[in-house]
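These are the residues of each chain, in order.
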Amino acid sequence: MASGNVLLLGAGKCIEGKYKKVRVIGSGQIEGDITCEKLTSAGAAQVTGNIYFERCKVSGAFEVKGNLEGKCLRIMGAGEVGGKIRVETCRAYGAIEVKDNINAEYFIVRGAIECIGSINCEKIMVELLGKCVVEEIGASEIAIGQKVKIKEKSIKHKMINKMRIHIGKEEGDLRAQAVEGDKIYLDHAKVDTVSGGEIEIGPYCEIERLEYTKSVKIHESSKVKEQIQIITRRNR
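Throughout what follows, the structure given in this document is the object of discussion. For clarity, every value in this text was computed on a predicted model and none was experimentally measured. (Residues numbered from 1 in each chain as written. Predicted model: local features only at pLDDT ≥ 70, side-chain atom pairs only at ≥ 80, totals over all residues. Heavy atoms only, no water.)

Turning to a negative patch on the surface, a few remarks are in order. On the surface, E88, E105, E122, E135, E136, E141, E180, D182 and E198 cluster together into a patch of negative charge. Mapped by element, the contributors of at least two residues to the negative patch are β8 (102-145) and β9 (173-186). At five residues, β8 tops the list of elements feeding residues into the negative patch. Considering the arrangement of structural elements, one finds E105 in strand β8. (Patch = residues over 30% accessible without salt bridge, like charges linked within 9 Å, V, L, I, M, F, W, Y side chains within 5 Å. Areas by Shrake-Rupley, 256 points an atom, 1.4 Å probe, with all protein chains shown as cover. Salt bridge = Lys/Arg side-chain N within 4 Å of Asp/Glu carboxyl O. Lys, Arg positive; Asp, Glu negative; His and termini not counted. Charge placed at Lys NZ, Arg CZ, Asp CG, Glu CD. Helix = DSSP H or I, 4+ residues; strand = E, 2+ residues; numbered from the N terminus.)

With a phi angle near 50°, H188 is a residue other than glycine that sits in the positive phi range. One can find H188 in the loop between β9 and β10 (189-201). Assessed through its relative accessible area of 18%, H188 is described here as buried. Look at Y204: it is not a glycine, yet its phi comes out positive at around 60°. Looking at the element boundaries, Y204 is found in the loop between β10 and β11 (206-218). For Y204, a relative accessible area of 57% gives the class exposed. (Buried < 20%, exposed > 50% of the residue type's maximum accessible area, 1.4 Å probe, protein only.)

A separate point is the pattern of salt bridges. Summed over all chains, the structure comprises 11 salt bridges. Salt-bridge contacts for E63 lead to K65; the nearest nitrogen and oxygen are separated by 2.9 Å. Residue E97 pairs with K99 through a salt bridge whose shortest N-O separation is 2.6 Å. Residue class for E97 comes out partly exposed when judged on its relative accessible area of 22%. Take K99: its relative accessible area is 39%, and that puts it in the partly exposed class. Through salt bridges with shared partners, one network takes in R110, E127 and K149.

In this section: the nonpolar core. Residues L39, F107, L174 and L186 are the most contacted members of the largest nonpolar core, which totals 59 residues. Considering each element in turn, this core owes the most residues, 17 residues, to β8. (Core = buried A, V, L, I, M, F, W, Y, C linked by side-chain atoms within 4.5 Å.)

Now the structure itself:
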């Protein structure tokens, strides 16, 4: 790992390479792939390649043409990723758009998501403050809905508590082809197939097919077209 640090102020530019710390304040641009221990950005940063990092914290508008790969990722604002996200932990507060898959151990979102591919995690929590559109979601534990409340003690900004104003006036909902997990909670969702062990369908959901192995609970306001219990040796 290179020992040099990079500081971009205003409309500064940085070429590809290996760095210790990269800090962007303003409308900085990074050309090519970079590898760093820590990247922080405040403003409107653009990256034409991939970013490989230990920690990445961005606020404002952030656009990456390639992939985001590392350990800890934190986004506050509007993030656009042209490739995939592969991290251990991702916390996003705002609106993120990903053109490929998202892979993480923990994926925590308060806002809106558009993912062209699939989301695969150990645990995913999404408090819907805008539209969430994704092809497939797979995790051990899944909680997605307007009634899912994510509290962040370190965030004191009033804009986070009023995020719906910045994301859009429409109420948030989930649109997905498939959701699969061991333990699932959904509300305000429209999904083709939901399958898992313990499933709770909260208010205002439309599910075409629901497959469960252990238990299922469905809110009276939700509609499930087809419901099937999958019998396994463990629950006979």
